[in-house]
Amino acid sequence: MCARAGFALEAADVAFQGSSINVLPFFASLETDLRDVPINRPDLGAGVSDIMTLRAKGPGPKFRWIAAGFRNSSAEARDVVIVVPDQGFVSSGIKWPKSPGGGVVSITTAGGIELDILPAIGKGAYAFTLEPGKTAAIAFEISASGLPAAALWHREAFDEQKDYLAFFRGALLGIAVLLTAAMIALYGFRSRPVFLVAGGFALSGVGFMVIEAGHLPMVLNALGIEALNFQNARALVEGSMAAMLILLLVTITELRRIMPVIGNVLGIMGGLALAIPIYGFAEPLIASGIARGLFAFTAVAGFLLVFWLWRSGETKAENSLVPWAVILLWTFVAMVAALSEPDKAGLSPLLLSGLCAVLVILGFTLAHYAFSQGYLSRHFFREAGRRALENRLVSLQRQ
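Not measured: the values here are computed from a predicted model. (Residues numbered from 1 in each chain as written. Predicted model: local features only at pLDDT ≥ 70, side-chain atom pairs only at ≥ 80, totals over all residues. Heavy atoms only, no water.)

Draft legend 1. Structural view of the overall build of the protein chain. A count of helical and extended segments in the protein chain gives 11 helices and 12 strands. When burial is assessed residue by residue, the protein chain has 46% of its 399 residues classed as buried. Sequence-distant contacts, at least 24 apart, represent 78% of the contacts inside the protein chain between residues at least 6 apart. (Helix = DSSP H or I, 4+ residues; strand = E, 2+ residues; numbered from the N terminus. Buried < 20%, exposed > 50% of the residue type's maximum accessible area, 1.4 Å probe, protein only. Contact = heavy atoms within 4.5 Å.)

Following this line, the structure appears as structure tokens:
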């Protein structure tokens, strides 16, 4: 059985211009029920036969491989990195989302190279050095029918990009965590359920950012949680976001006061939606699909409801219009990202920064709501009135 049979693929040249190139078109695919299968090396030209044996380590019964050849046409050694991103929210779909996580099970090489697995968050990074004029072959055993994307980077450019993304994602996560704590803390200034609900929505948003940024394995290891896998965690987070969004709509507009029947119905629906994260432990992919559809419907219907209330002269709706418009905009970006092609990796930072912007605007809205009518405002005006009265009495005594 030969991986090059039916394929006329040339070897990827590691002496490319720029920081990176897309190497997924250079990979030929193979699916077999044999655990050990010999193939012709894909880095050798037509008429040259040299066998490399692929030894699968996956559970089977079907074993899937992709293999590619690499050559160095330059006069000096090249240090390069093959980057295979984990399946995240981007290109995961809506109705039946793809399973998250990494897709590489094992690696087989030929041509005298050694692959070093680099520490990278949210992706697999495999570095090797190819001497001038040499060729090599690399085969990846994969868990699905294909990889979402694969890029070849110069080592120096990869290190710079990795450091930048690590700082960017870390900064966004830090801001989101602080905003979550601030929203919950606002409950101490004014005892309203909107602050707790908004804090729950922000907390689930932080979970979404942790998964999308690739920090989930580190968080689970730090917490000592071994029973939670990628699929269950994603269903738990996305289901919580959908349920909290419904409850946020009810509380931020004070819908139960304005329209008691509709407010109570939506409140019950939000409570029932909390069953989605629980269902995610049994059927995580179905639960994620339900959560995404419910979140999108709530964002659209909620904006229309808030807009209608604002046109009717409701003050709370006026304060809620801007944050809900941002939520709707982020929902649109999220849907575009979920339905996009796998090579649109640039949408992931946009998705994270957009969600962080949602939390920032929501936090400012809630802070205005708390401080304009809450304890601090009353305390400020009480102190200001007392000092004004004391100053007036002093001036009368002097007269």
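Draft legend 2. Expanded view of the packing of helix H1 (residues 155-185) against helix H2 (residues 193-213). Their axes nearest at 8 Å, the elements H1 and H2 cross at an angle of 165°. One element, H1, and the other, H2, form an angle in the roughly antiparallel class. Of the two possible hands of crossing, H1 and H2 adopt the one that is left-handed. Contact residues: Arg 169, Leu 172, Leu 173, Ala 176, Val 177, Thr 180, Met 183 and Ile 184 in H1; Phe 195, Leu 196, Ala 198, Gly 199, Ala 202, Leu 203, Val 206, Met 209, Val 210 and Ala 213 in H2. Of the residues assigned to the contact of H1 with H2, the class counts are 15 nonpolar, 2 polar and 1 charged. (Axes fitted to C-alpha atoms, helices over the stretch in contact; angles between N-to-C directions. Parallel < 35°, antiparallel > 145°, perpendicular 65-115°, else oblique. Left-handed = near helix turned anticlockwise from the far one by under 90°. Nonpolar A, V, L, I, M, F, W, Y, C, P; charged D, E, K, R; others polar.)

Draft legend 3. Representation of the packing of aromatic side chains. Counted by the stated rule, this structure contains 11 aromatic pairs. Geometrically, the ring pair formed by Phe 303 and Phe 307 is stacked, given 6.3 Å between the ring centres and 25° between the ring planes. One end of the pair, Phe 303, and the other, Phe 307, are both in helix H8 (residues 284-311), 4 residues apart, so they sit about a helical turn from each other. On the basis of relative accessible area, Phe 303 is assigned to the partly exposed category, the value being 21%. Measuring from centroid to centroid gives 5.5 Å for Phe 307 and Trp 310, while their planes differ by 50°, and the two rings are tilted. You can see Phe 307 and its partner Trp 310 sitting in helix H8, 3 residues apart, about one turn around the helix. The exposure class of Phe 307 is partly exposed, given its relative accessible area of 36%. For Trp 310, a relative accessible area of 33% corresponds to the partly exposed category. One aromatic cluster is present, built from ring pairs that chain together Phe 27, Phe 70, Tyr 126, Phe 128 and Phe 140. (Phe/Tyr/Trp six-rings, centres within 6.5 Å; stacked < 30°, edge-to-face > 60°.)

Draft legend 4. Broad picture of the nonpolar core. Ranked by internal contacts, the top residues of the largest apolar core, which has 68 residues, are Phe 201, Leu 248 and Trp 330. Among the secondary structure elements, those contributing two or more residues to this core are H1, H2, helix H3 (216-223), helix H4 (230-252), helix H6 (260-273), H8, helix H9 (315-339) and helix H10 (347-373). A per-element tally of this core places H4 first, with 14 residues. Sequence-distant contacts of Trp 330, defined by excluding residues within four places in its chain, comprise Phe 208, Met 241, Phe 295, Leu 351, Gly 354, Leu 355 and Val 358. The next biggest cluster of nonpolar side chains, apart from the first, holds 23 residues, and it includes Val 23, Val 84, Leu 115 and Leu 147. (Core = buried A, V, L, I, M, F, W, Y, C linked by side-chain atoms within 4.5 Å.)

Draft legend 5. Spatial organisation of the pairing of strand E7 (residues 78-85). Relative to strand E10 (residues 123-130), E7 runs antiparallel, the two sharing 8 bridges. Bridge pairing in E10 links Asp 79 to Thr 129. (Pairing = 2+ DSSP bridges.)

Draft legend 6. Spatial organisation of the sheet that holds strand E9 (residues 116-118). Pairing is antiparallel across the open sheet formed by 5 strands, whose spatial order is E2-E12-E7-E10-E9. Edge positions in the sheet fall to strand E2 (20-22) and E9, since each has one partner strand and no second. Taking each pair of neighbouring strands and ignoring which way they run, the sheet shows an average axis angle of 25°. Contacts between H1 and the sheet are confined to E7, E9, E10 and strand E12 (151-154), with E12 contributing the most and set at about 105° to the helix.

Draft legend 7. Local environment of H6. Compared with the 20 Å implied by 1.5 Å per residue over 14 residues, the 20 Å span of H6 between its first and last C-alpha is a close match. What H6 keeps buried is the set Gly 263, Leu 266, Gly 270 and Ala 273. Taken end-on, H6 shows its buried residues confined to a sector of 85°, consistent with a single buried face. Exposed residues pointing more than 90 degrees away from the buried face of H6 are listed as Val 261, Ile 268 and Leu 272. For H6, the secondary structure elements touched by its buried residues are H4, helix H5 (255-258), helix H7 (275-279) and H8. (Expected span 1.5 Å × (residues − 1). Arc of directions from axis to C-beta.)

Draft legend 8. How the structure looks around the pattern of salt bridges. Applying the stated criterion across every chain, the model contains 6 salt bridges. Between Asp 159 and Arg 155 there is a salt bridge whose closest N-O contact spans 3.4 Å. Linking Asp 159 with Arg 155, this pair stays in helix H1, spanning 4 residues, or about one helical turn. Of the residues examined, Asp 159 reaches a relative accessible area of 26% and is grouped as partly exposed. The class for Arg 155 is partly exposed, based on a relative accessible area of 31%. The shortest N-O distance in the salt bridge between Arg 257 and Glu 254 comes to 2.9 Å. Looking at Arg 257, the relative accessible area reads 52%, which means it is exposed. (Salt bridge = Lys/Arg side-chain N within 4 Å of Asp/Glu carboxyl O.)

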